[in-house]
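Architecture and fold: a report
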Amino acid sequence: MKKIVEEMINDAIIRLQESGNWNSFDVPLIIVDRPKSIVHGDWTTNVCFILAKILQRSPLIIMEELSAELHVEKNNFIESITAISPGYINFSLQQSVLIEELQKINEKNDSYGNNNALNGQAIMIEYTQPNPFKPFHIGHLMSNTIGESLSRIIAFSGANVIRANYQGDVGPHVAKSLWAIQKFGYDITNIDEIGKAYAKGHVAYETDETAKKEIHAINKAIYTCSNDDLMRLYAIGRSRTLERFEEIYAILGTKFDVYYFESDTWKRGERIVREHMGDIFEESEGAIIFDGEKYGLHKRVFITTQGLPTYEAKDVGLAMIKKETYPSDQYIITTAVEQEEYFKVIKKAIELIDPSFTGKLTHIAHGMMQLTTGKMSSRKGNVITGESLITDAQTVAKAKMSERAMDDMQDATVNMIAVAGIKFNILKQHTGKNIMYDAQSALSFDGDSGPYVQYTYARCRSVITKAQNEKIVPHWSESCKNSVELERTLVQFPEVVLRASQDHAPHYIANYVIDCARLFNAFYATTTIIDKSDSQKTAYRVAVTMATAQIIKNSLYLLGIQTPEKM
């Protein structure tokens, strides 16, 4: 419907040109958006201000002329076209069209709001990326939350999505952990102990030259598999951490299609870098670098003076292996904003090596999660793990449920609420911004939170169950319109999904579903939904409740959040 309005405006501009009322010019991009308040209609456009610059005339005069021309060819979708000084034009839908769209929500159910904008495209999304021998920290939790949501949103737009996870199972961090495990007897089978070993090894690497040399030797031995005892220890630690990661993925609701490991990419990356010595890469003080300064970027080392590949070289190998295993139209990577400049260099190097990657590599940077204790670092050992955050959220969720006399909720429901609190807190803000996490507000049943939206869904389901028990059949009727703002907001869902997909921005959906929840709760508070004295209005209001529940369910699904039937 939005596209129809855009076409109406475009056609009206062309008619004004052809009639000689306006000079000939290339029609600019028509921007149609939702007004800030639904009382102003369903759509609004500021095109008159853009045309004012082109025609060198007042936007008010252009608004009057364009509005008059739009009325000439007003189609059956539009009930009214209103010109608003100093240059806006608002459009309101016919009630019959609104009812028709509302009906689609309850007919299409879980598929309502999907689109075919990305039909036929294969898109690989790489996210989470926890490294064996290190804790699953908050950054991994953020990457997983954003990556999983993007995967669902993009798949909802018709793409074939390949979920990928790239993990660093070789490199200095592994050597630091194994060095400390051997020196101080940390338990290789205990995740917390492995994390402590990494922190201990990192401090030793930075402060003790002997330890640094020993860690370098371990690192090289792992790459070359030259020490059997060390490799047995390595295999145990790698397996244990990967198993624990899978347990966390299950809690978060993520399943990956493919796993890539640095132990598989480093040889490929090293070979490619050496093959392109002289044309793309160059020697510098015994290392091999990419001089990004030639392209307005910065220099980075791809092979160290010890002859070992860096993360940069491994990423080159990864790109080529991705292309071979899952050829895709687009490769999306979600990591922390700290790596933004890094990925600009990597992207340029990969495109120079293989021009077929040009325009296909997208890095989505997320901000940092901060607690009241400030920023944390696994290198310094003051990291709060992602799983401890989930555990704490479960504790807070139980306490809040107890306050509401909801002690009978099962552990599965508690986990749904805890995960919703964390995920929604991450996704309601633009991905590039830092966020402050507070468990009490994130898990509140009131306000801008995941549990608040879940609770609204459960409230809808309670009404629907009652209606079903009383044999009430939901029915849409033009004569029974109720909460006009709620109804007109519900039908915006497909546009919100499309925009979130195009901009890689889950926060559009998160903020939209909060609006839906607020509007429904206002409707619920002021309306007797099941009114036995008026069966027609009751049938209509139950239909609105069903549509609201469906929109909330679809929205939360796209955010990677489950919807409890009862709360």
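Up top is the structure these notes are about.
A few points on the structure.

The rules behind the values
Numbers given for residues are sequential positions, taken from 1 along each chain in its written order. Residue-level local features of this predicted model are given only where pLDDT is at least 70; pairs of side-chain atoms are given and counted only at 80 or more, and the full residue set underlies all totals for whole chains, interfaces and linings. The basis for every side-chain value is the complete set of non-hydrogen atoms in the structure, without hydrogens or water. Three exposure classes are used, based on accessible area relative to the maximum for each residue type with a 1.4 Å probe and protein chains only: buried under 20%, partly exposed in between, and exposed over 50%. Helix numbering and strand numbering both begin at the N terminus, where a helix is a DSSP run of H or I of at least 4 residues and a strand a DSSP run of E of at least 2. The criterion for strand pairing is that DSSP finds at least two bridges linking the strands in question. Helix span, expected: 1.5 Å multiplied by one less than the number of residues in the helix. A pair of Phe, Tyr and Trp rings is counted when the ring centres sit within 6.5 Å of each other, with Trp represented by its six-membered ring. The angle between the planes then sorts it: under 30 degrees is stacked, over 60 is edge-to-face, the rest tilted. In this analysis the charged atom, NZ for Lys or CZ for Arg, is taken to sit over a ring once it is within 6 Å of the ring centre and within 35 degrees of the ring normal. Any pair of nitrogen or oxygen atoms within 3.5 Å is treated as a polar contact; in protein, a donor-acceptor pairing is required on top of that, and neighbouring residues in sequence qualify only through side-chain atoms on both sides. Contacts are residue-level and defined by heavy atoms, with any inter-residue pair within 4.5 Å sufficient.

What follows concerns the pairing of strand S9 (residues 287–291). Counting buried positions over the 5 residues of S9 gives 5, a clear majority of the element. Where burial is concerned, the two faces of S9 agree: the one with Ala287, Ile289 and Asp291 and the one with Ile288 and Phe290 are both buried. Of the pairings in the sheet, the one linking strand S8 (residues 282–284) to S9 comprises 3 bridges and is antiparallel in character. Paired with Glu282 across the bridge in S9 is Ile289.

Turning next to helix H11 (residues 311–325). Taking 1.5 Å of rise per residue, 15 residues should cover 21 Å, and H11 covers 20 Å from first to last C-alpha, within 8% of that figure. Here H11 lies mainly inside the structure; 11 of its 15 residues are buried.

Our focus in this paragraph is the packing of aromatic side chains. For the coordinates displayed, the defined rule picks out 22 aromatic pairs. Ring centres 6.0 Å apart and planes at 55 degrees place the aromatic pair Phe136 and Phe245 in the tilted group. A residue pair is termed long-range when its members are at least 10 positions apart, and Phe136 in the loop between strand S5 (122–126) and helix H5 (138–156) and Phe245 in helix H9 (residues 228–252) qualify at 109 residues. Members of the aromatic cluster, connected to one another through ring pairs, are Tyr127, Phe136, Phe245, Tyr249, Phe256 and Tyr259. Above the plane of the ring of Phe184 lies Lys200, whose end atom (NZ or CZ) is 4.8 Å from the centre. The ring of Tyr508 is capped by Arg499, whose NZ or CZ atom sits 4.0 Å from the centre of that ring.

It is worth spelling out the side chain of Thr538 at this point. Among the structural elements, Thr538 can be located in helix H20 (residues 535–558). From its side chain, Thr538 meets the backbone oxygen of Asp531 in a polar contact 2.7 Å long. With residues near it in sequence (within four places) discarded, Thr538 still touches Ile472, Ile529, Ile530, Asp531 and Lys532.

No statement about biological role is implied by the geometric values presented.
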